[in-house]
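Examination of the molecular architecture
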Amino acid sequence: MLLPSGGGGMNSTMDDMNLIHQAQRHHLVVREIGEEIDLEIGPGDDDPSFSNNPLINVPPQDSAAEDHDESKQMMIHHASGGNQDLLKTQPAKKKKKVVKRWREEWADTYKWAYVDVKDGTARIFCSVCREYGRKHRRNPYGNEGSRNMQMSALEEHNNSLLHKEALRLQMASKDKIVVDKPIYVKALMSKTAGSMIEAALKRDPHELEFIQSVQEVVHALERVISKNSSYVSTMERLLEPERTIIFRVPWVDDRGETHVNRGFRVHFNQTLGPCRGGLRFHPSMNLSIAKFLSFGQTLKNALSPYRLGGSSGGSDFDPKGKSDGEVMRFCQSFMNELYRYLGPEKDLPSEEMGVGTREMGFLHGQYRRLAGHSQGSFTGPRVNWSGSSLRTEATGYGLVFFAQLVLADMNKELKGLRCAVSGSGKIAMHVLEKLIAYGAVPITVSDAKGYLVDDDGFDFLKISFLRDIKAQQRSLRDYSKTYARSKYYDEAKPWSERCDVAFPCASQNEINQSDAINLVNSGCRILVEGSNMPCTAEAVDVLRKANVLVAPSMAAGVGGVVAGELELKECNLNWSPEDFESKLQEAMKQTYQRALKAATDFGYQKESPEALVHGAVISAFLTIANGMVDQGCV
């Protein structure tokens, strides 16, 4: 390389050499990352979409652009002072090229960070040390808090505590990203409602499902609280369960190996009467899910025609793939601890996800042996040993009856409407069955691996075939081998299929924000919740803004409660299907009218997409709250 001549003499020459070495050091440091980058380049010079799409899904900040301008000014400053001729003689760099791999690596580090506002400015905070600054920059080209131009932002970040701790966590989790899911906090109209959410967050910060359900309820009760502030203390008491039971469940498999699972039972509130609620056996089961299910069951039971308290529970045991002997030994061990908290005037469990006829039979048998009596049989399908043979249909049928009531108020009916259904368990199958009876066209079912769509619609023969597939534990994909016009989609959900009414019947939070957008775009105008809390908080906002009417599971799912109490109290084993459905329809009609009346009493229009949601919560809460006030501080 030729050195420029000039009037600086030896000192000028030495300065020029130092500048060259400085530039070379800069170049070598960047190469250590694995790619060659020019730090003078602004964000997204070769890709306009890069600058427009923030790496962590936050609105772009003007301060990022200011940092970029500052870095440019610094480079100009370094180039001034008589050394411009030196820069002209150096080989020209490609200033319009940014290595894509480098950007992807930078974006990956942000999986361990979060955004918060500090002194009115949005900043990137380390999710481990909860700090921000020089080693956690706003963007890879910015210059926030550092004037060191010889080290790239990515290398600097990799040397920080954040990245080292992130690597440790990543190794411990077998390459799975372990990041606390942020809790989506809704905007509330009143400070009082906001303080209730804040208190719940402070008390149970890691119980995401429970906090989500609390937010939905408090949001629906804002007008009630604003009219009567005395309900604030009542609500605070209601949000704390009366009794939480956590216990060990040891059991032995067919090979003689010992396993230990965790059991849960939450008696949330017994103001109105003895508890009723489901048992869920699923690997994801935890205390947060048990609390959210029992909280929702408390409100659902209060909305029903019966005076009942609410409970729920289960275990992280997975009955899938287990032999009858293994399931029996687990159920017996589970009941050995739980039986002392059960009884007709205490708590009676019913079936939920992962708990069917087999599991309920084993549980009840052990309860009868330990308690020494058969009083207060558990609620569930017991075709061969007691109870109503139509109990298993009640929840699914009730959902369709409720949908028909909603449509009747719109002067419409189910006949001819395309209906998307998720899940393929007991509830989903009976929803399909009753939809067909009403002349609707159900087109989808799903399982944990994907969903099946049949554009011709299911009929009774096809449903029978689906039941055979599920009974044999085969994949829904096998349906497509028989019916060529159907198709199975892996790792997908049915909410992008064109439909008029949706029935989510799988699990909580199965509809996220993008699924809600797909539902709106597919033409869905009514969503009937078959599972408990099937929509995330973000999805609920999308549906409300799009005026999709939501029938909450708190009201639409009352059918199971009704059937359980009918068979327990009336003990009529000779009901005809017509008599049973007539009683169920009447109970669903009462529930629908109660929810609507409560909504209109507090100023919600009947046509509002949130009328049924808010009305159901308001009616149930007022029933419980008035009882709590009458009974004093207990």
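Residues numbered from 1 in each chain as written. Predicted model: local features only at pLDDT ≥ 70, side-chain atom pairs only at ≥ 80, totals over all residues. Heavy atoms only, no water.

Per an unreviewed UniProt entry, the chain carries the name glutamate dehydrogenase (NADP(+)) and comes from Anisodus tanguticus. Taken directly from UniProt, the Sequence similarities (unreviewed entry) text for the chain runs: "Belongs to the Glu/Leu/Phe/Val dehydrogenases family." (UniProt positions renumbered as here; feature names shortened; annotations may be inferred.)

What to know about helix α24 (residues 611-631)
For α24, built from 21 residues, the straight-helix expectation of 30 Å at 1.5 Å per residue is met to within 8% by its first-to-last C-alpha distance of 30 Å. For α24, a buried count of 15 out of 21 residues is recorded, marking the element as mostly surrounded by other parts of the structure. (Helix = DSSP H or I, 4+ residues; strand = E, 2+ residues; numbered from the N terminus. Expected span 1.5 Å × (residues − 1). Buried < 20%, exposed > 50% of the residue type's maximum accessible area, 1.4 Å probe, protein only.)

Re the packing of helix α9 (residues 208-220) against α24
A pair of packed helices can be characterised by two numbers: the angle between their axes and the separation between those axes. Packing of α9 against α24 brings their axes to within 8 Å, and their N-to-C directions diverge by 90°. The orientation of α9 relative to α24 falls into the category roughly perpendicular. Together, Val217, His219 and Ala220 of α9 and His614, Val617 and Ile618 of α24 make up the contact between the two elements. Taken together, the residues of the contact of α9 with α24 sort by class into four nonpolar, two polar and no charged. (Axes fitted to C-alpha atoms, helices over the stretch in contact; angles between N-to-C directions. Parallel < 35°, antiparallel > 145°, perpendicular 65-115°, else oblique. Contact = heavy atoms within 4.5 Å. Nonpolar A, V, L, I, M, F, W, Y, C, P; charged D, E, K, R; others polar.)

Overview of the environment of Ser522
Note that Ser522 resides in the loop between α19 (513-521) and β14 (526-528). Put simply, Ser522 and Cys499 are 23 residues apart on the chain and 6.1 Å apart in space, counted from C-alpha to C-alpha. Once residues within four sequence positions are removed from consideration, Ser522 is found in contact with Trp495, Ser496, Glu497, Arg498 and Cys499. Of note is the side chain of Ser522, whose polar atom sits 3.5 Å from the backbone oxygen of Glu497. Reaching out from Ser522, the side chain makes a polar contact with the backbone oxygen of Leu519 at a distance of 2.7 Å. (Polar contact = N/O pair within 3.5 Å; in protein donor to acceptor, adjacent residues only side chain to side chain.)

Section: the packing of aromatic side chains
Per the counting criterion, the structure on display carries 20 aromatic pairs. Arranged with centres 6.1 Å apart and planes meeting at 70°, the rings of Phe210 and Phe295 form a pair that is edge-to-face. Residue Phe210 is found in helix α9, and its partner Phe295 is found in helix α12 (residues 287-303); the two are separated by 85 residues along the sequence. The residues Phe210 and Phe295 share a single accessibility class, namely buried. Ring centres 4.8 Å apart and planes at 25° place the aromatic pair Tyr479 and Tyr483 in the stacked group. Among the aromatic residues, ring-to-ring pairing joins Phe247, Trp251, Phe281, Phe317, Phe330 and Phe334 into one connected group. Over the face of the ring belonging to Tyr604 we find Arg223, whose NZ or CZ atom lies 3.9 Å from the ring centre. Above the plane of the ring of Phe210 lies Lys291, whose end atom (NZ or CZ) is 4.4 Å from the centre. (Phe/Tyr/Trp six-rings, centres within 6.5 Å; stacked < 30°, edge-to-face > 60°. Lys NZ or Arg CZ within 6 Å of the ring centre and 35° of its normal.)

Some remarks on the pairing of strand β4 (residues 258-269)
Looking down a regular strand, the side chains alternate between one sheet face and the other. By the bridge criterion, 10 bridges tie strand β3 (residues 243-252) to β4 in an arrangement that is antiparallel. In the strand pairing of β4, Val252 is matched with Thr258. Taking the residues between adjacent antiparallel strands as the criterion, β3 and β4 are bridged by five residues, where Gly256 takes a positive phi near 85°. Sheet topology places β4 next to strand β6 (residues 309-315); six bridges connect them, and they run antiparallel. Paired with Gly263 across the two strands is Ser315, which belongs to β6. (Pairing = 2+ DSSP bridges.)

Things to note about the nonpolar core
Inside soluble globular proteins, nonpolar side chains tend to come together where they are buried. If you look at the biggest cluster of nonpolar residues, it comprises 100 residues, and the most contacted ones within it are Met235, Phe295 and Phe503. For this core, the leading source of residues is α24, giving 10 residues. Sequence-distant contacts of Met235, that is, excluding residues within four places in its chain, are made with Met196, Val217, Val218, Leu221, Phe295 and Phe621. (Core = buried A, V, L, I, M, F, W, Y, C linked by side-chain atoms within 4.5 Å.)

Details of the pattern of salt bridges
For the structure shown, the criterion picks out 25 salt bridges. With its nearest N and O atoms 3.3 Å apart, the salt bridge here joins Arg340 to Glu337. Owing to a relative accessible area of 39%, Arg340 belongs among the partly exposed residues under this scheme. Glu337 gets classed as partly exposed once you look at its relative accessible area, which sits at 27%. What emerges from the salt-bridge pattern is a single network uniting Asp204, Glu207 and Lys291. (Salt bridge = Lys/Arg side-chain N within 4 Å of Asp/Glu carboxyl O.)

Some points on the sheet that holds β14
The parallel open sheet is built from five strands, whose spatial order is β9-β8-β13-β14-β15. The open sheet has two edge strands, β9 (441-442) and β15 (549-551), and neither has a second partner. Summarising the sheet, strand β8 (residues 418-421) and β9 pair through two bridges and their orientation is parallel. What sits directly across from Cys419, in β9, is Pro442.

Some details on α12
Helix length check: α12, at 17 residues, gives a terminal C-alpha distance of 24 Å against a target of 24 Å (1.5 Å per residue), a fit within 8%. Counting buried positions along α12 gives 15 out of 17 residues, so the element sits mostly inside the fold.

Points about the sheet that holds β3
Judged by pairing direction, the sheet is mixed, and its five strands sit side by side in the order β3-β4-β6-β5-β7 without closing on themselves. Two strands close off the open sheet at either side, each with one partner strand: β3 and β7 (347-351). On average, adjacent strands in this sheet sit at an angle of 25° to one another, irrespective of strand direction. By the bridge criterion, five bridges tie strand β5 (residues 275-281) to β6 in an arrangement that is parallel. Paired with Arg276 across the two strands is Gly310, which belongs to β6.

Re unusual backbone geometry
For residues other than glycine, phi is negative in most cases, and the peptide bonds are mostly trans. At Asn411, a position not held by glycine, the phi torsion is positive, near 60°. Tracing the chain through its elements places Asn411 in the loop between α15 (391-408) and β8. By relative accessible area, Asn411 is classed as exposed at 74%. Phi is positive for Asn509, which is not a glycine, with a value near 55°. Position of Asn509 among the secondary structure elements: in the loop between β13 (501-503) and α19.

What to know about the environment of Glu216
Along the polypeptide, Glu216 turns up in helix α9. A relative accessible area of 15% places Glu216 in the buried class. C-alpha of Glu216 to C-alpha of His614: the two residues are 398 residues apart in sequence and 9.0 Å apart in space. A distance of 3.5 Å separates a polar atom in the side chain of Glu216 from a polar atom in the side chain of Arg544.

As for the side chain of Ser446
Structurally, Ser446 is set in strand β10 (residues 444-447). Within the structure, the side chain of Ser446 is placed 2.7 Å from the backbone nitrogen of Gly423, a separation counted as a polar contact. Leave out the neighbours within four places in its chain, and Ser446 touches Val421, Ser422, Gly423, Ser424, Tyr451, Leu476 and Pro494.

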